[in-house]
Amino acid sequence: MTARPSTVTATVRSNEPVNDTVANATYPEQAARLVASIDQDPWGSVRPSLYETARVVSAAPWLSGEPRRIAYLLNEQAPDGSWGEGPERYRLLPTLSAVEAALALLGRGGMSEETTRRLTTAVDSGLAALRALPSAGPWPDTAAAEILVPGLVAKIHERLTLVGDDRTPVVGDWRPGPAPALPGGYDQAVPGYLARRYASAGSLPVKLHHTFEGVAGYIPGALIPDGPDLLGSSPAATAARAAVSHEPSAGTVAALEAVAERYSGLFPEAAPILVFERLWVAAALAGVDLPAASVPTVRAWATDLYDPRGVRGAPGLMTDADDTAMAVLVSSLVGLDHTPEPLDLFHNGSHYDCYIGEDTGSVTANAHALHALGSYLRHHPEAQHTYGPRADKLSDWLVGQQRPEGPWPDKWHASPYYATARCVAALSRHGGDRAATAVGTAVAWTLDTQRDDGSWGIWGGTTEETAYAARILLATADPRPRHLRALDLAETYLNEGAGSGEHPALWHDKTLYAPGAMIEAEVLAVRELLRTRHGLAGRRTTAFTDAGR
């Protein structure tokens with residue numbers, strides 16, 4: 001399938017016009033400007049999600065602003081009939097969501113003849129695109145796909161049956177094509193099985209709140225989570241809760257309207273992403289050279305976000321080791337004595353579970369934990385007896401997760417360059433001799449996979465992945481010509497691509513997304529490292545670095 005660039009740009013910071021003054025600003029000026037803009041935005045820089053917006057269209061016809069969402073749904077369809085970003089396997093879930101939403105709109109009726117015609121055409125093309133997808137996996141490891149995909153296939157079958165039974169207003173004698181088959185690798189029984197399992201237990205675990213729309217039609221009313229705010233930080237889950245509750249509460253309407261106002265009537269898959277955005281941006285900039293003007297702001301972020309009970313990525317989500325580790329790390333980088341004790345909640349003996357009840361582990365969460373432990377121990381050697389052995393075990397675990405050819409994969413990102421950069425950063429600083437071979441193998445793999453234009457990327461060169469790859473190479477002071485030339489090419493590519501447009505979606509949630517500000521911070525920080533690399537050995541960056549204070 002042919003990916004179609006998103007036409008929604010209003011909420012993407014990197015799509016704002018870049019004038020000569022901004023483009024030629026110094027690193028401290030650009031970093032300070034980025035920190036200040038993030039501090040003023042309580043929601044976060046991320047594009048709307050086709051999947052999420054379509055779920056709200058289907059479940060919340062009472063929500064104001066629907067014409068904007070219908071136009072978005074129609075305009076975002078690719079020429080081949082699919083929806084979504086990335087390669088074809090990533091487009092399964094967005095396309096299912098959009099087709100089901102279009103059928104829901106047709107079932108409600110009341111639209112203009114032109115809109116109805118466009119929706120029927122979109123359904124026909126979408127169903128054809130679904131039939132053209134591979135019949136079996138492997139499918140991307142996105143959030144709760146094993147629940148969401150079977151649930152949407154079942155809903156599409158139900159809605160197409162209504163059309164066949166003449167219970168849906170349609171244009172003339174329009175009849176859609178065959179319903180999609182459930183792709184191999186998914187089980188139609190999973191949503192119902194989970195609903196029965198948790199019904200017998202008497203409660204729905206918090207880890208399912210973010211993807212509640214996948215089980216909403218299967219669980220008894222007593223298990224429906226209550227509350228006035230977004231359910232699991234997800235507009236789709238919140239709209240689904242309102243739909244099965246039969247009448248939306250005033251709090252639900254207000255929560256969804258607030259998100260819609262921020263994202264021009266549309267919806268991202270998580271809102272707000274304030275915690276994730278601020279911690280990742282702060283770590284990227286503070287690990288290189290945090291401008292003095294930004295230190296008070298980042299300290300305030302770390303103070304507000306650190307929690308001895310564990311940090312959660314957004315309101316309504318579970319506490320997790322990834323955000324907790326990053327809060328500990330950022331605190332250390334800006335001189336705050338926040339201990340790693342909250343990470344103890346997630347330790348399983350050899351490494352850290354990302355959250356309680358996790359199905360698949362995360363190497364990046366554990367790399368962040370190792371980096372946090374190591375940074376804390378540099379400033380608190382008296383804690384070596386407590387955290388030293390744990391850091392050693394964690395290093396060994398990370399080394400054991402490396403692929404033979406050199407990279408590390410991870411469930412939170414489609415690209416191995418992200419996870420590999422995180423693991424190399426942690427192991428090169430805090431892994432000792434036991435990690436040297438693993439780091440060397442990762443560097444060799446990175447050199448071997450650079451593209452001719454100096455970039456890196458799994459589906460094509462991107463500034464984001466090139467920044468990660470450059471970080472991997474910068475972790476070792478290799479003077480050989482091939483290594484140095486790779487860095488020179490990367491620097492040229494990143495400098496030429498700075499501010500040139502929106503970033504491709506590479507991060508995993510329910511579908512692919514792109515956290516714009518976090519990516520910009522990473523690219524900005526790496527460009528500064530590349531610019532100063534020739535004198536980096538004797539250079540002090542700021543008063544607050546991982547090497548010392």
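Participant: Would you mind showing me how to read the overall build of the protein here?
Facilitator: Helix and strand content of the protein: 20 helices and four strands. C-alpha extents for the protein along the principal axes are approximately 75 × 50 × 45 Å. Buried positions account for 58% of the 549 residues belonging to the protein. Considering only contacts within the protein whose residues lie at least 6 apart along the sequence, 76% involve residues at least 24 apart. In the protein, 46 positive and 63 negative side-chain charges are present, and the distance between their average locations comes to 1 Å.

Participant: It is not clear to me how the side chain of His209 should be interpreted in this structure. Could you clarify?
Facilitator: Here His209 is to be found in the loop between α8 (190–201) and α9 (235–244). Assessed through its relative accessible area of 13%, His209 is described here as buried. Discounting chain neighbours no more than four positions away, the residues touching His209 are Leu204, Pro225, Leu231, Gly232, Ala237 and Gly316.

Participant: It is not clear to me how the environment of Ala144 should be interpreted in this structure. Could you clarify?
Facilitator: With respect to the helices and strands, the residue Ala144 is situated in the loop between α6 (113–132) and α7 (145–164). Counting along the chain gives 330 residues from Ala144 to Leu474, while the straight-line C-alpha distance between them is 36 Å.

Participant: Please clarify how the packing of helix α4 (residues 66–75) against α6 should be interpreted in this entry.
Facilitator: Pairs of packed helices are described in terms of their axes, by the angle between the two and the distance that separates them. α6 packs onto α4 with a crossing angle of 40 degrees between their chain directions and a minimal axis gap of 10 Å. In this view, α4 runs oblique relative to α6, as classed from their interaxial angle. Every pair of crossing elements has a handedness; the one defined by α4 and α6 is left-handed. Across the interface between the two elements, Ile70, Leu74 and Asn75 of α4 pack against Thr115, Arg118, Leu119 and Ala122 of α6.

Participant: Where do I start with the packing of aromatic side chains in this structure?
Facilitator: What characterises a pair of aromatic rings is the spacing of the ring centres plus the angle enclosed by the ring planes. The tally for this structure, following the rule as stated, stands at nine aromatic pairs. Ring plane angle 70 degrees and centroid distance 5.3 Å describe the contact between Tyr90 and Trp459, whose orientation is recorded as edge-to-face. Taken together, the residues span a long stretch of sequence, with Tyr90 in the loop between α4 and α5 (92–108) and Trp459 in the loop between α17 (436–448) and α18 (463–474) at a distance of 369 residues. With a relative accessible area of 41%, Trp459 lands in the partly exposed category. Taking the ring centre of Trp139 as reference, the NZ or CZ of Arg89 above it sits at 5.2 Å. Between the NZ or CZ atom of Arg262 and the centre of the ring of Tyr263, over which it lies, the distance is 4.6 Å.

Participant: Could you clarify how one ought to interpret α18 in this entry?
Facilitator: In this model, α18 (twelve residues) spans 16 Å end to end at C-alpha, consistent with the 16 Å of a helix rising 1.5 Å per residue. Burial analysis of α18 places eleven of its twelve residues in the buried class, the great majority of the element. Of the surrounding elements, those touching the buried residues of α18 are α11 (274–286), α16 (416–430), α17, α19 (481–497), β3 (507–508) and α20 (516–531).

Participant: Explain the pattern of salt bridges to me, please; I cannot follow it from the model alone.
Facilitator: Pairing between side chains becomes possible if they bear opposite charge and their charged atoms approach one another. Applying the stated criterion across every chain yields a total of 21 salt bridges. The salt bridge partner of Glu100 is Arg55, with a shortest N-O separation of 2.7 Å. Note that Glu100 is positioned in helix α5 and Arg55 in helix α3 (residues 50–59), a separation of 45 residues in sequence. Assigned by exposure class, Glu100 and Arg55 land together as buried. Put simply, Lys411 and Glu358 hold a salt bridge, and the shortest N to O gap is 2.6 Å. Note that Lys411 is positioned in the loop between α15 (384–400) and α16 and Glu358 in the loop between α13 (321–333) and α14 (363–379), a separation of 53 residues in sequence. The buried category is assigned to Lys411, whose relative accessible area is 10%. Beyond isolated ion pairs, a larger network of salt bridges with shared partners links Arg47, Glu85 and Glu502.

Participant: Please clarify how the confidence of the model for the protein should be interpreted in this entry.
Facilitator: Fine structural detail should not be taken from predicted coordinates in areas where pLDDT scores are low. Mean pLDDT over the protein stands at 91; residues scoring 70 or higher make up 92%. Predicted confidence is poor over residues 1–21, with pLDDT under 50, and the contacts of this stretch with residues over four places away or in other chains come to 56 contacts. This model gives residues 536–549 a pLDDT under 50, and the stretch forms 34 contacts once residues within four places in sequence are excluded.

Participant: Hey, could you run me through α19 in this one?
Facilitator: Residues that lie three or four places apart on an α-helix share one face, since the helix turns once every 3.6 residues. The terminal C-alpha atoms of α19 lie 24 Å apart, and with 17 residues this matches the ideal 24 Å at 1.5 Å per residue to within 8%. Listing the buried residues of α19 in full gives His483, Ala486, Leu487, Ala490, Glu491, Tyr493, Leu494 and Gly497. Viewed end-on, α19 has its buried residues packed into an arc of 170 degrees, placing them on one side of the element. Structural note: α19 exposes Pro481, Arg485 and Glu496 on the side pointing more than 90 degrees away from its buried face.

Participant: How do you make sense of the environment of Asp448 when you look at a structure like this?
Facilitator: Position of Asp448 among the secondary structure elements: in helix α17. Taking the C-alpha atoms as reference points, Asp448 and Gly310, 138 residues apart in sequence, are found 39 Å from one another. Only 2.8 Å separates the side chain of Asp448 from the side chain of Arg482, close enough to count as a polar contact.

Participant: How should the environment of Ala282 be read in this particular structure?
Facilitator: Position of Ala282 among the secondary structure elements: in helix α11. Here Ala282 falls in the buried class, since its relative accessible area comes to 1%. Taking the C-alpha atoms as reference points, Ala282 and Glu522, separated by 240 residues in sequence, lie 9.8 Å from one another. Sequence-distant contacts of Ala282, defined by excluding residues within four places in its chain, comprise Gly287, Val298, Trp301 and Val330.

Parameters and conventions
Residues numbered from 1 in each chain as written. Predicted model: local features only at pLDDT ≥ 70, side-chain atom pairs only at ≥ 80, totals over all residues. Heavy atoms only, no water. Helix = DSSP H or I, 4+ residues; strand = E, 2+ residues; numbered from the N terminus. Buried < 20%, exposed > 50% of the residue type's maximum accessible area, 1.4 Å probe, protein only. Contact = heavy atoms within 4.5 Å. Lys, Arg positive; Asp, Glu negative; His and termini not counted. Charge placed at Lys NZ, Arg CZ, Asp CG, Glu CD. Axes fitted to C-alpha atoms, helices over the stretch in contact; angles between N-to-C directions. Parallel < 35°, antiparallel > 145°, perpendicular 65-115°, else oblique. Left-handed = near helix turned anticlockwise from the far one by under 90°. Phe/Tyr/Trp six-rings, centres within 6.5 Å; stacked < 30°, edge-to-face > 60°. Lys NZ or Arg CZ within 6 Å of the ring centre and 35° of its normal. Expected span 1.5 Å × (residues − 1). Salt bridge = Lys/Arg side-chain N within 4 Å of Asp/Glu carboxyl O. pLDDT = per-residue confidence, 0-100. Arc of directions from axis to C-beta. Polar contact = N/O pair within 3.5 Å; in protein donor to acceptor, adjacent residues only side chain to side chain.

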